[in-house]
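Observations on the model geometry
Here are the chains, one letter per residue:
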Amino acid sequence: QMEYRLGTYAIAEGSQAPLTPSPMPIRREQLLGLTSGDLPTLIATADRWIAESGLSEAGVIERARCLETQLKSSGKFAYSLEGQSRDAQLDPIEDFVKNTPQGHCEYFASTLAVMLRHRGVPARVVNGYRLGPWIPEGGYWVVTENEAHSWVEFWDDAAEAWRVAD
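Sequence order sets the numbering: in each chain, residues are counted from 1 along the sequence as written. Local features are withheld for residues below a pLDDT of 70 in this predicted model, meaning they are given only at 70 or higher, and side-chain atom pairs are given and counted only at 80 or more; totals for whole chains, interfaces and linings count all residues. Hydrogens and water are ignored here; the side-chain numbers use all heavy atoms of the structure.

1. Brief notes about the pairing of strand β8 (residues 148-156)
Burial status follows relative accessibility: with a 1.4 Å probe on protein chains alone, a residue under 20% of its type maximum counts as buried, one over 50% as exposed, and anything between as partly exposed. Numbering of helices and strands starts at the N terminus; helices are DSSP runs of H or I of at least 4 residues and strands are runs of E of at least 2. Counting buried residues in β8 gives 7 out of 9 residues, a clear majority hidden from the surface. Alignment of strand β5 (residues 123-129) against β8, held across 7 bridges, turns out to be antiparallel. Among the inter-strand pairings, Val126 is bridged to a residue of β8, identified as Trp151. Here β8 runs beside strand β9 (residues 161-165); their pairing, made up of 5 bridges, is antiparallel. Across the sheet, Asp156 pairs through a bridge with Ala161, a residue of β9. In this scheme, strands are said to pair when DSSP sees at least two bridges between them.

2. What about the sheet that holds β8?
Taking strand neighbours across the sheet as the criterion, the 3 strands line up as β5-β8-β9 in an open arrangement whose pairing is antiparallel. Here the strands that pair on one side only, and so sit at the sheet edges, are β5 and β9. Here the average twist between neighbouring strands, direction ignored, is 35°. Contacts from helix α2 (residues 60-73) reach β8 and β9 within the one sheet, and its direction differs from that of β8 by about 150°. Contacts from helix α4 (residues 105-118) reach β5, β8 and β9 within the one sheet, and its direction differs from that of β8 by about 10°. Where helices are involved, their axes are fitted lines through C-alpha atoms of the stretch in contact, as for all axes, and angles between N-to-C directions lie from 0 to 180°. Throughout, a residue-residue contact means that at least one pair of heavy atoms, one from each residue, lies within 4.5 Å.

3. So, the nonpolar core
For our purposes a nonpolar core is just a set of buried Ala, Val, Leu, Ile, Met, Phe, Trp, Tyr and Cys residues, chained together by side-chain atoms within 4.5 Å. Residues Leu42, Leu67, Leu112, Leu116, Val152 and Phe154 are the most contacted members of the largest nonpolar core, which totals 28 residues. Elements supplying a minimum of two residues to this core: α1 (40-53), α2, α3 (92-98), α4 and β8. Residues contacting Leu42, with those up to four places away along its chain left out, are Ile93, Glu94, Val97, Thr111, Val114 and Met115.

4. Some remarks on the packing of α2 against α4
Contact geometry of α2 with α4 gives a least axis separation of 10 Å together with a crossing angle of 145°. Remark: the crossing between α2 and α4 carries right-handed chirality. Note on element contacts: α4 touches α2 through Phe108, Thr111, Leu112, Met115 and Leu116, opposite Arg63, Ala64, Leu67, Glu68 and Leu71. Take the far helix as the reference: if the near one is turned anticlockwise from it by less than a right angle, the crossing is left-handed, and if turned clockwise, right-handed.

5. Considerations on the packing of α1 against α4
For any two helices packed against each other, one specifies the inter-axial angle together with the distance between the axes. Following both chains from N to C, one finds α1 and α4 inclined at 70°, their axes separated by 10 Å at the closest point. Taken together, the axis directions place α1 and α4 in an arrangement best described as roughly perpendicular. In this structure, α1 crosses over α4, and the sense of that crossing is right-handed. Where α1 approaches α4, its residues Leu42, Ile43, Thr45, Ala46, Asp47 and Trp49 are matched on the opposing element by Thr111, Val114, Met115 and His118. When residue character is reported, Ala, Val, Leu, Ile, Met, Phe, Trp, Tyr, Cys and Pro are called nonpolar, Asp, Glu, Lys and Arg charged, and the others, Gly included, polar. Each residue belonging to the contact of α1 with α4 can be placed in one class, and the counts come to 6 nonpolar, 3 polar and 1 charged. An angle below 35 degrees is read as roughly parallel, one above 145 as roughly antiparallel, one from 65 to 115 as roughly perpendicular, and any other as oblique.

Right under this line is the structure:
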């Protein structure tokens, strides 16, 4: 067993802070471009979900929540910590959307971030930890590998702030 202290700016007064600033400047263009190849199924799926929702010209938050909800609630995708066989000829998130819609949080977060970027919403994947149980006697949170998580932050121009999609 190993003991260590975790320091983070993401927790303020015992709660998750709404924004964790990046120590390096990030240009808007870095958060919009598709980063690897052509992802036709992922792009078509994002476009279809937005078209079906009637939100094609809606605000950033509405588009982000629409795509997030579809990934969570469409019934097509399933969260799984078991390794999945992936088509080596496809980008892993294209395969996730097209062939094998089971995976862990990194697949969901990567898919949502790329869908948002394609729809003109600056987005980035964040990796970190959810808080485990609070131990009041010691005044600390327990954080183990079980709390490891990936989520998406997207830029809301109207509020000039990062928002979280999980």
